[in-house]
Amino acid sequence: MYDPVERRNFYGRVHGKTLRASQKTYLEEDLERLSLPGVTREDNPDRSPIDLTRFAGKPLWLEIGFGGGEHLVHMAATYPEIGLIGCEPFVNGIAMLLGKIRAAEVNNLAIHPGDVRDLFDVLPAASIAKAFLNYPDPWPKARHHRRRFVTQGYLAALARTLQPGAEFRVATDIPDYVRQTLEEVPQAGFTLRDQGDQPWSDWLSTRYEQKALREGRPPYYLTFQRNA
């Protein structure tokens, strides 16, 4: 069962290589403006639903772990009639995204620079019309598989925030991640609609995918639908 007040451990990096001067500027000048307020426990200890009026009633899509931000910005530019929320704890990825937002001049997205579980706590139920999980951390060791996103704790929280009929896309290059996704996601209230090696028509290949292809790991694309 999903518990918004459970004590949580966070696994994974939040800092990487030293940021360039321009990236530090993006963080200083743009991060606060683009971040959703009221997501952290410090800002919202009661875990009240956050205000999404900044999106002016647009349908909302969510990218879980946006990496360097290329897919998120591509979607924002392709679908200006949609509001997008991106979640990512890795500071270097956040800085990269902010630079891409400036270059693309998109204004229909917001971010949470932290743990997606904190965002799930405060998103209104059935507020998200589509969600993306692109090349998530594979946690390849068997003893770490419980840390993968495609486990019931994460998936129950995702299911609560998705509208009935909402689409959930997963892209990965790890066969065992595909196995676990196919086992776990339907248990959380989703139906598999499609799977294979052909991407979606509006897909933008990410730097993680390009690295996988260079190293001989073919991508897998899975599409689920939230049950009514």
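None of these values were measured; they are calculated from a predicted model. (Residues numbered from 1 in each chain as written. Predicted model: local features only at pLDDT ≥ 70, side-chain atom pairs only at ≥ 80, totals over all residues. Heavy atoms only, no water.)

Caption draft 1: The arrangement of the packing of helix 1 (residues 21-34) against helix 3 (residues 91-104) in detail. Relative to each other, helix 1 and helix 3 sit at 80°, their axes nearing to 9 Å. Classified by the angle their axes make, helix 1 and helix 3 are roughly perpendicular. Contacts between helix 1 and helix 3 involve Gln-23, Thr-25, Tyr-26, Leu-27, Glu-29, Asp-30, Leu-31 and Leu-34 on the former and, on the latter, Val-91, Ile-94, Ala-95, Met-96, Leu-98, Gly-99, Ile-101 and Arg-102. For the contact of helix 1 with helix 3, a count of residues per class yields ten nonpolar, three polar and three charged. (Axes fitted to C-alpha atoms, helices over the stretch in contact; angles between N-to-C directions. Helix = DSSP H or I, 4+ residues; strand = E, 2+ residues; numbered from the N terminus. Parallel < 35°, antiparallel > 145°, perpendicular 65-115°, else oblique. Contact = heavy atoms within 4.5 Å. Nonpolar A, V, L, I, M, F, W, Y, C, P; charged D, E, K, R; others polar.)

Caption draft 2: Examining the confidence of the model for the protein chain more closely. The predicted model of the protein chain has a mean per-residue pLDDT of 92, with 93% of residues at 70 or higher. Contacts for the low-pLDDT stretch residues 10-14, under 50 throughout, to residues beyond four places or in other chains number eleven contacts. (pLDDT = per-residue confidence, 0-100.)

Caption draft 3: Representation of the packing of aromatic side chains within the structure. This model, assessed by the stated rule, comprises nine aromatic pairs. Seen from their ring centres, Trp-61 and Phe-132 are 5.9 Å apart, and the 65° between their planes marks the pair as edge-to-face. With Trp-61 in strand 1 (residues 60-64) and Phe-132 in strand 4 (residues 128-134), this residue pair connects regions lying 71 residues apart in the sequence. Judged by relative accessible area, which is 0%, Phe-132 ranks as buried. On the numbers, 5.8 Å between centres and 70° between planes, the contact of Trp-203 with Tyr-221 is edge-to-face. Of this pair, Trp-203 sits in the loop between strand 6 (190-196) and helix 7 (207-214) while Tyr-221 sits in strand 7 (residues 220-226), and the two are 18 residues apart along the sequence. Tyr-221 carries the same exposure label as Trp-203, and that label is buried. By the ring-pair criterion, three or more aromatic residues cluster together here, those being Trp-61, Tyr-79 and Phe-132. If you follow Lys-130 out to its NZ or CZ, it ends over the ring of Trp-61, 4.3 Å from the centre. Geometry around Phe-190 places Arg-226 over its ring, the cationic atom sitting 5.9 Å from the centre. (Phe/Tyr/Trp six-rings, centres within 6.5 Å; stacked < 30°, edge-to-face > 60°. Buried < 20%, exposed > 50% of the residue type's maximum accessible area, 1.4 Å probe, protein only. Lys NZ or Arg CZ within 6 Å of the ring centre and 35° of its normal.)

Caption draft 4: Representation of the packing of helix 2 (residues 70-78) against helix 3 in the model. As a packed pair, helix 2 and helix 3 sit with axes 9 Å apart at the nearest point and diverge in direction by 25°. As the angle between them shows, helix 2 and helix 3 are arranged roughly parallel. You can see that helix 2 and helix 3 cross each other, and the crossing is right-handed. Residue-level contacts link Glu-70, Leu-72 and Val-73 of helix 2 to Leu-97, Lys-100, Ile-101 and Ala-104 of helix 3. Its residues assigned to classes, the contact of helix 2 with helix 3 comprises five nonpolar, no polar and two charged. (Left-handed = near helix turned anticlockwise from the far one by under 90°.)

Caption draft 5: Broad picture of the pairing of strand 2 (residues 83-87). Judged by how many residues are buried, strand 2 sits mostly within the fold: five of five residues are covered. The two faces of strand 2 match: Gly-83, Ile-85 and Cys-87 on one face and Leu-84 and Gly-86 on the other face are all buried. Both strand 1 and strand 2 contribute to a ladder of five bridges, which runs parallel. Residue pairing in the sheet places Leu-62 in a bridge with Ile-85 of strand 2. You can see the chain leave strand 1, run along helix 2 and come back into strand 2, and the turn it takes is right-handed. Relative to strand 3 (residues 109-112), strand 2 runs parallel, the two sharing four bridges. By the bridge assignment, Ile-85 is partnered in strand 3 with Ala-110. Since strand 2 and strand 3 lie parallel, the crossover through helix 3 that links them has a hand, and here it is right-handed. (Pairing = 2+ DSSP bridges. Right-handed = clockwise from strand over helix to strand, strands pointing away.)

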